[in-house]
Amino acid sequence: MAKIDVKVVSDNMDKYATYTNCMDKYNSALENDAYLEAMMLVYAMLEDRLKSFLVYIKAIDKIESRYLDIDDTKELLMDIYLKYHKGKKNNVLDLNNISCKKNLVLSIFEWYQEHKYIKDNDEYLDKLKSLMDLYSYDESIEMFKDFDTWCNFRNNVMHGLLNKNSDSVNCHLKEQAEYGLKIFRYFDKLVSKARNSKIIF
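Rules of the game
- Residues numbered from 1 in each chain as written.
- Predicted model: local features only at pLDDT ≥ 70, side-chain atom pairs only at ≥ 80, totals over all residues.
- Heavy atoms only, no water.
- Helix = DSSP H or I, 4+ residues; strand = E, 2+ residues; numbered from the N terminus.
- Rg over C-alpha atoms; globule rule 2.2 N^0.38 Å.
- Buried < 20%, exposed > 50% of the residue type's maximum accessible area, 1.4 Å probe, protein only.
- Contact = heavy atoms within 4.5 Å.
- Areas by Shrake-Rupley, 256 points an atom, 1.4 Å probe, with all protein chains shown as cover.
- Lys, Arg positive; Asp, Glu negative; His and termini not counted.
- Charge placed at Lys NZ, Arg CZ, Asp CG, Glu CD.
- pLDDT = per-residue confidence, 0-100.
- Polar contact = N/O pair within 3.5 Å; in protein donor to acceptor, adjacent residues only side chain to side chain.
- Salt bridge = Lys/Arg side-chain N within 4 Å of Asp/Glu carboxyl O.
- Patch = residues over 30% accessible without salt bridge, like charges linked within 9 Å, V, L, I, M, F, W, Y side chains within 5 Å.

Q: Explain the overall build of the protein to me, please; I cannot follow it from the model alone.
A: The helix and strand inventory of the protein stands at seven helices and zero strands. Element order for the protein, N to C, with α for helix and β for strand: α-α-α-α-α-α-α. For 201 residues, the compact-globule estimate of 2.2 N^0.38 gives 17 Å, and the protein sits close to it at 18 Å. The burial tally for the protein puts 44% of its 201 residues in the buried class. A fraction of 68% describes how many contacts in the protein between residues 6 or more apart in sequence connect residues 24 or more apart. For the protein, the computed accessible surface area is about 11900 Å², with 50% contributed by carbon and sulfur atoms. Taken together, the 30 basic and 33 acidic charged side chains of the protein have centroids lying 1 Å from each other.

Q: How should the confidence of the model for the protein be read in this particular structure?
A: Detail in the predicted coordinates should be disregarded across regions flagged by low pLDDT. For the protein, the mean per-residue pLDDT works out to 92, and 97% of the residues sit at or above 70. Considering each helix and strand of the protein separately, the mean pLDDT is smallest for helix α3 (residues 74-84), with a value of 93, and largest for helix α2 (residues 35-56), with 96.

Q: It is not clear to me how the environment of Asp120 should be interpreted in this structure. Could you clarify?
A: Examined against the element boundaries, Asp120 turns out to sit in the loop between α4 (98-115) and α5 (123-132). The class of Asp120 is buried, set by a relative accessible area of 14%. Discounting residues that sit within four places of it in the chain, Asp120 has contacts with Trp111, Leu125, Asp126 and Lys129. Within the local environment of Asp120, its side chain forms a polar contact with the side chain of Lys129, the two groups lying 2.7 Å apart.

Q: What's the story with the pattern of salt bridges in this structure? I'm lost.
A: Note that side chains of opposite charge can pair when their charged atoms are close. Using the criterion set out here, one finds 14 salt bridges in the structure. As a salt-bridge pair, Lys3 and Asp5 come within 4.0 Å of each other at their nearest N and O atoms. By the burial criterion, Lys3 is exposed, and Asp5 matches it. With a closest N to O distance of 3.0 Å, Arg49 and Asp188 form a salt bridge. Highlighted residues: Arg49 in helix α2 and Asp188 in helix α7 (residues 166-197), separated in sequence by 139 residues. The exposure class assigned to Asp188 is partly exposed, which follows from its relative accessible area of 24%. Counted as one network, the salt bridges with shared partners bring together Lys15, Asp48, Arg49 and Asp188.

Q: Help me understand a nonpolar patch on the surface in this model?
A: On the surface, a cluster of nonpolar side chains totalling about 460 Å² of accessible area is made up of Met1, Ile4 and Val6. With respect to the element layout, Ile4 can be found in the segment before α1 (12-31).

So, in structure tokens, the structure goes:
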């Protein structure tokens, strides 16, 4: 089979059209009991929101970036990740991996909670704390926990469907397909505040 090239979005209008298309497909999937498809779409949108948040805090230059690539911030953010990411196995931070993206953002929340009343001798870190002031730490931590639970269910189903009891999977699919969208909405609000505040970007 020949290589299949898929174009990236070209501008904000293209991105909006892509999101509209995804939401239309998500709603259609729910209406037609295609819950696995709905979960796949939510997973893709969650990936995008986490990556977009990293763009707006100047962790990465563009949505396609795989690693921290902004010279002024990458060492600072890597230090935060290494200190606050619990249970890390190595120092690799591959931002094409949804867990790495989530763990970096979570690490920033944990760092903020410990440093919010401490004056940093760094302009970027002070701006980052000003942005984090806009979020509820407790609410965000709970949502990260829900995110982990949701992703674990999704991964169990997607990567081992034929080894799972059908009834035990099917009884949770609709609920989890819908709850995934709630998690997405929360992370979308994180991105909107980072974008609209213009504190960093």
